[in-house]
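# Architecture at a glance
The residues making up each chain are set out below.
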Amino acid sequence: MKIHEYQAKDLFRAYDVPVPDGNVAFSVDEAKKNAATLRGFPVVVKAQIHAGGRGKGGGVKLAASMEEVETLANDILGMTLVTHQTGPQGRCVKKLLIEAGQNIAKEFYLSLLVDRATASIVIMASRDGGMDIEEVAAKTPERIIKVQVDPLMGIQGYQLRQVGFALELPGAAMKPFSQLLSNLYRLFIANDCSMVEINPLILTSDDKVIALDAKVDFDSNALYRHKELMELRDLDEEDPLEVEASKYNLNYINLDGNVGNIVNGAGLAMATMDIIKNAGATPANFMDVGGGASAEQVENALRIILADEKVKAILINIFGGILRCDIFAQGIVEAARKTGINVPVVVRMEGTNVDEGKKILKDAGLNLTSAVDLFDAAQKIAATVK
Ligand code: GDP
Ligand code: MN
């Protein structure tokens, strides 16, 4: 689960990770009020959306006076901000962070993330921080250093220094930086984060280190341990269909193709996406109704997929195990009765009670194409959308 920069900065404050003074604002008036509490100008007006690249998209601006705060807040609130992370449709800005402007001597990159391959937490840092870290990673990866932290040992003093030296920090900034990194690590572990990123981490002209940006991603599987973090969720920033699917415990991810998929089991869903791609079609979504879905869940899955305008055809691929084919078929029939199915559907069904399942679909008189196996299903769906 992602959170906004202003929320991440509140968390940073709670762990003594230095951030600029600032406050969230939901209106132009509030933006001006917040600016008045800061010590002088410039004041930074920052769009709050769950995507990076805001600076380049025009969502981060410096105001030299109260009039400029007003103009900028007016411009940015309500704008559709397009960045390389939002996709071409962009994201509507509904809140701003109003912050005290900082004197930047140097911008660095610093992040912590879970590295599954080495079962460790990796610290990544670079002297080439700022807005183009993706380019640094692609063109000069040697300029990003990586330090692995054993989660059982915790972060060690020599590792803090190792990162500080790699960033070539001035002596006076070394100790504050070590404290910052060690606090950031503590925050990461205590909140079950999957990623924490500061880009840029800045060095000021008086050798202070400050997190100028803050991105935090929590491991959603651990959120049940952190009720207080769950309250930070912003449904406005999530795909409405994904939010709807999560209400029914459906594993649904919206993609950009045009074949809707209903599959039971994540492995089968991955295989299904591969095989339809191989046949020349592209998936509009990943929808895993789960191994033990009920007829009601199947019905909701179909309804959600049908609500997606990109979907030109649906492939249903079910292996009946705990979810029996007859239960599944009932769900499809119910959904078809309630919402109607207005696109071609190809069904491949195998496993427990497959004959009963096929009979239910046939007796309902639904206009479905059945496939003998997965390969056949993929060919048929590809032919339909071509
Ligand atoms: P992002 O583009 O979404 O990653 O947003 P950031 O929070 O990283 O802001 C983008 C850029 O705005 C930073 O890299 C800085 O160069 C600039 N910026 C942000 N805050 C300040 C500030 O207080 N003073 C100055 N001079 N520049 C700032
Ligand atoms: Mn940034």
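It should be noted that the structure appears before, not after, this text.
What you see is a predicted model, and the numbers here were worked out from it, not measured in a lab. In this numbering scheme, every chain counts its residues from 1 along its sequence in written order. Key to labels: chains lettered from A, ligands numbered from 1, both in the order written. With pLDDT at 70 or above as the cut-off, local features in this predicted model cover only qualifying residues; side-chain atom pairs require 80 or more to be listed or tallied, and sums for whole chains, interfaces and linings still use all residues. With hydrogens and water set aside, each side-chain value is computed from the structure's full complement of heavy atoms.

Our next topic: the packing of helix H10 (residues 295-306) against helix H11 (residues 325-339). Helix axes are fitted to C-alpha atoms over the stretch in contact, other axes to C-alpha atoms as well, and angles between N-to-C directions run from 0 to 180 degrees. Each helix corresponds to a stretch of at least 4 residues labelled H or I by DSSP, and each strand to a stretch of at least 2 residues labelled E; elements are numbered beginning at the N terminus. Between H10 and H11, whose axes approach to 7 Å, the crossing angle comes to 45 degrees. Taken as axis vectors, H10 and H11 run oblique relative to one another. The chirality of how H10 crosses H11 is right-handed. Along its contact with H10, which presents Ala295, Val298, Glu299, Leu302, Arg303 and Leu306, the element H11 presents Ile327, Phe328, Gln330, Gly331, Ile332, Glu334, Ala335, Lys338 and Thr339. In the scheme used here, Gly and all other residues not listed as nonpolar or charged are polar, with Ala, Val, Leu, Ile, Met, Phe, Trp, Tyr, Cys and Pro taken as nonpolar and Asp, Glu, Lys and Arg as charged. In the contact of H10 with H11, the residues fall into eight nonpolar, three polar and four charged. Working definition: roughly parallel below 35 degrees, roughly antiparallel above 145 degrees, roughly perpendicular at 65 to 115 degrees, and oblique for all remaining angles. The hand of a helix crossing depends on one turn: near helix anticlockwise from the far one by less than a right angle means left-handed, and clockwise means right-handed. Contacts are residue-level and defined by heavy atoms, with any inter-residue pair within 4.5 Å sufficient.

Okay, the side chain of Asn300 next. Along the chain, the position of Asn300 falls in helix H10. Among the polar contacts made by the side chain of Asn300, one reaches the side chain of Arg303 at a distance of 2.9 Å. Here a polar contact means two N or O atoms within 3.5 Å. Within protein one must be a hydrogen donor candidate and the other an acceptor candidate, and residues neighboring in sequence count only if both atoms are side-chain atoms.

In contact at an axis separation of 7 Å, H11 and helix H12 (residues 354-363) are set at 15 degrees when each is read in the N-to-C sense. Taken together, the axes of H11 and H12 are roughly parallel relative to one another. Regarding H11 and H12, the two cross each other, and that crossing is right-handed. Counted together, Cys325, Asp326, Ala329, Gln330, Ile332 and Val333 of H11 and Val354, Glu356, Gly357, Ile360 and Leu361 of H12 form the full contact between these two elements. The residue makeup of the contact of H11 with H12, split by class, is seven nonpolar, two polar and two charged.

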